[in-house]
Amino acid sequence: MNRLISIELQKIWKNKASRVLTLTYFILLSFIALIASIKFNIGPFKFHAAEMGIFNFPFIWHFNTYVAAWLKFFLAIVIVSMMANEYSYGTLKQNLIDGLSKKEFILSKFLTVVLFALCSTIFVFVMSLLLGLSFSSYTEADIIFMDLDYILAFFVKLTGFFSFCLFLGIFVKRSAFALGFLLVWSIIESIIKGLLVFQIFPESDKGNYITQFLPLESMSNLIIEPFSRLSIIKTIGTQIGVENTKDYGVHYLSIFIVLVWTFLFVYFSYKLLKNRDL
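The residue numbering used here restarts from 1 in each chain and proceeds along that chain's sequence as written. pLDDT decides what is reported in this predicted model: residues at 70 or higher carry local features, side-chain atom pairs at 80 or more are listed and counted, and totals for whole chains, interfaces and linings draw on all residues regardless. As a rule here, side-chain values cover all heavy atoms of the structure and leave hydrogens and water aside.

1. Some remarks on the nonpolar core
Residues belong to one nonpolar core when they are buried, are Ala, Val, Leu, Ile, Met, Phe, Trp, Tyr or Cys, and are joined through side-chain atoms within 4.5 Å. Relative accessibility under 20% of the residue-type maximum defines a buried residue, over 50% an exposed one, and the middle range a partly exposed one, all with a 1.4 Å probe and only protein chains included. Ranked by size, the top nonpolar core spans 66 residues in total, and within it Leu29, Ile79, Phe161, Phe162 and Phe164 carry the most contacts. With 14 residues, the single largest contributor to this core is helix H8 (residues 149-172). Residues are treated as being in contact if the distance between any of their heavy atoms lies within 4.5 Å. Sequence-distant contacts of phenylalanine 162, that is, excluding residues within four places in its chain, are made with Lys72, Leu75, Ala76, Ile79, Val113, Phe116 and Ala117. To qualify as a helix, a DSSP run of H or I must reach at least 4 residues; to qualify as a strand, a run of E must reach at least 2; elements of each kind are numbered from the N terminus.

In structure tokens form, the structure reads like this:
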């Protein structure tokens, strides 16, 4: 297993574009900490991000994982390119000639996906913990470690998304087309959701129930946007008569759905590679 991961990491690190994108991703993750320094005054209105409570425990777990998840597209490019380069440079065929089985090849890619997701999760966990201890108004142990479900959801979300990118890289073979397919698929899901929620089932929640089983939608449902949880947003909503009934919790059905999709992406990646004439 270590040998398989080592092979993949060497390929990524020796590719300049992949190396730059990976480093950029983790550098941008650390920039979340800079949100605390955002402060400006417009007449009587004073805005200080840290004082809004975004770094309070346990809200910080929700906020940071949601924001960090948007940066996953940097690593998505790396993963899609990682697979596309195998075809472009002929390293896939050479690995198989050298004795690596197709099952081991897919396993090496999936282990790399899990490693990226794990490193990202650990990075966000440590950064959130340090920011919370620095800025949170609540530092009791039971409050600090409340809502850590968001960290688990973040890991599952990245693993599922990167597995989807791996599948697209194998299915399409070209990184640009694979990323284009990812964009097209997200648009297709949005259209399906719009039709089901607003046209076919406008009076019930059946539309949302059905669309929760779509791959990208299921990943999106793992971590709901956190901004409307902020007290200042709630106050504004109350003043204009908007009632917020949104459920912000991490649901294990959503985690299960994403794990099933992850398994299917890896399985079909293997089946495609197994049946394809290289």
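Additional details are given in the paragraphs that follow.
2. Things to note about the packing of aromatic side chains
Here the aromatic set is Phe, Tyr and Trp, taking the six-membered ring for Trp, and pairing holds for ring centres within 6.5 Å; pairs whose planes are under 30 degrees apart are stacked, those over 60 apart are edge-to-face, and all others are tilted. Applying the stated criterion across every chain, the model contains 20 aromatic pairs. The interplanar angle of 80° and the centroid separation of 5.6 Å between the aromatic rings of tyrosine 209 and phenylalanine 213 together place this pair among those described as edge-to-face. The class for tyrosine 209 is exposed, based on a relative accessible area of 51%. In this structure phenylalanine 213 comes out as partly exposed when scored by relative accessible area, which is 36%. Only lysine NZ and arginine CZ atoms are considered, and such an atom sits over a ring when it is within 6 Å of the ring centre and within 35 degrees of the ring normal. Above the face of the tryptophan 70 ring, lysine 72 is positioned so that its terminal group lies 6.0 Å from the ring centre.

3. Observations concerning the pattern of salt bridges
Should their charged atoms come close, side chains of opposite charge can pair. Take a side-chain nitrogen of Lys or Arg and a carboxyl oxygen of Asp or Glu: if they are within 4 Å of each other, that pair is a salt bridge. Counted under the stated rule, the structure contains 1 salt bridge. The salt bridge involving lysine 193 is made with glutamate 217; its shortest N-O contact spans 2.8 Å. Taken as a pair, lysine 193 in helix H9 (residues 175-200) and glutamate 217 in helix H11 (residues 215-220) lie far apart in primary sequence, 24 residues in all. On the basis of relative accessible area, glutamate 217 is assigned to the buried category, the value being 13%.

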